[in-house]
Amino acid sequence: MSVFNKILEDIESKNPRHAKKLRSNLSGLEPEFYENANIFYEKYKAFAEKNGKDLGYGVDSYLKVVSDTLYEQIRFIQTGEYSCKSFEDAYERVYNNPDVMEYYMHGLLMTQFLWHHHYSILKLFRKVMPTFKGKVSNYLEIGGGHGLYLKEAIEFLGEEHEYHMVDISKSSLEMAKQFVENQQVKFMLQDIYKYEADGSYDFVTMGEVLEHVEQPVELMQQINRLLKSGGSAWITTPANAPAIDHISLFTSREDIVSIFNKAGFEVVEDVSIYTEEVPKEDVQKLKIPMMYGALIKKIN
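Only a predicted model underlies this, so the values are computations on that prediction, with no experimental measurement involved. (Residues numbered from 1 in each chain as written. Predicted model: local features only at pLDDT ≥ 70, side-chain atom pairs only at ≥ 80, totals over all residues. Heavy atoms only, no water.)

Trainee: Explain the sheet that holds strand β1 (residues 138-142) to me, and be specific about the residues and the numbers.
Mentor: Read from one edge of the open sheet, seven strands run β3-β2-β1-β4-β5-β7-β6, paired in mixed fashion. Bordering the open sheet on either side are β3 (186-189) and β6 (265-274), each of which pairs with just one other strand. Strand-to-strand, the axes of this sheet are offset by a mean angle of 15°, without reference to chain direction. Where β6 lies against strand β7 (residues 290-298), nine bridges are found, and the strand directions are antiparallel. Counterpart to I273 in the pairing with β7 is M291. Along the sheet, helix α8 (residues 148-157) makes contact with β1, β2 (162-167), β3, β4 (201-207) and β5 (227-239), crossing β1 at roughly 165°. (Pairing = 2+ DSSP bridges. Helix = DSSP H or I, 4+ residues; strand = E, 2+ residues; numbered from the N terminus. Axes fitted to C-alpha atoms, helices over the stretch in contact; angles between N-to-C directions. Contact = heavy atoms within 4.5 Å.)

Trainee: Just give me the short version of the pattern of salt bridges, but keep the residues and values in it.
Mentor: Under the defined criterion, the tally for this structure stands at 15 salt bridges. Notably, a salt bridge pairs K177 with E174, separated by 3.6 Å at the nearest N-O pair. Taken together, the positions of K177 and E174, both in helix α9 (residues 170-180) and three residues apart, correspond to about one turn of that helix. Note on E174: relative accessible area 35%, which makes it partly exposed. Shared partners join several salt bridges into a network, and the residues in it are D10, K14 and D60. (Salt bridge = Lys/Arg side-chain N within 4 Å of Asp/Glu carboxyl O. Buried < 20%, exposed > 50% of the residue type's maximum accessible area, 1.4 Å probe, protein only.)

Trainee: Can you break down helix α10 (residues 216-226) residue by residue, with the values?
Mentor: Along α10, the positions that sit buried rather than exposed are P216, L219, M220, Q222, I223, N224 and L226. Contacts from the buried residues of α10 go to β1, β4, β5, α11 (253-262), β6 and β7.

Trainee: Before we move on, could you go through unusual backbone geometry and cite the residues and values that matter?
Mentor: At E181, a position not held by glycine, the phi torsion is positive, near 50°. The topology assignment puts E181 in the loop between α9 and β3. Located in the positive-phi region is E208, a residue other than glycine, with phi close to 55°. Here E208 shows up in the loop between β4 and α10.

Right, dumping it as structure tokens:
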């Protein structure tokens, strides 16, 4: 039995209702999805075992994240606001709480292929990156988490270039190092707002970070400064998606695009994936979470 099927069976034994939803969401996906999912979770298994954990711990952590998210979603529907109001809130609730940070990090990692909208965003990234082969010599990843996007970028662009990853979490950097397994990458423990490398990069990737900051426009302006003239960036962020450490609330694609525009970017290609299938006219009324991914270009 594949490791991905083992994960699904374990989820089913612990939360049958959620497993049923997962199987429905994942039905009909191409064989490539299952191949990639198995490769990814084999890597997770090795990472977990190296750190004294196992697949069961990953599943338990994932289900805790699902429970946290459901609670936050219910509260969000009632109030129209995220419960986390500032970085200080997120720091005390998550980042400075080792018990929460550990399960949260493992649980979020598990969502990469269990949540179909995450996979759909990854597919667009895989479509976009080959078009930059031969055009990118300096690549930066911000808040790279488990390092999957960085690993994919290296495979598409080639290993002869410079690759940097900046993150404020030592745990995330260590996880990415083990997933990427490339000595050429420079991993830096640093606050991106204080990172000084103006005009250094041809391409910047930032996956699901914008919602974690209080000033998303300022963060995008910093990315603008880090990019060379005409440089590009791949940005993902959710809308209407409460979590225990999400701060900035975006309610639509237009909200996110306006932030890009204010920071001197234009959208080249993008995709919006909703977590539930409902009529388009009901999306905002029901506050359905959306995952958004975009290739953007620096225009000034």
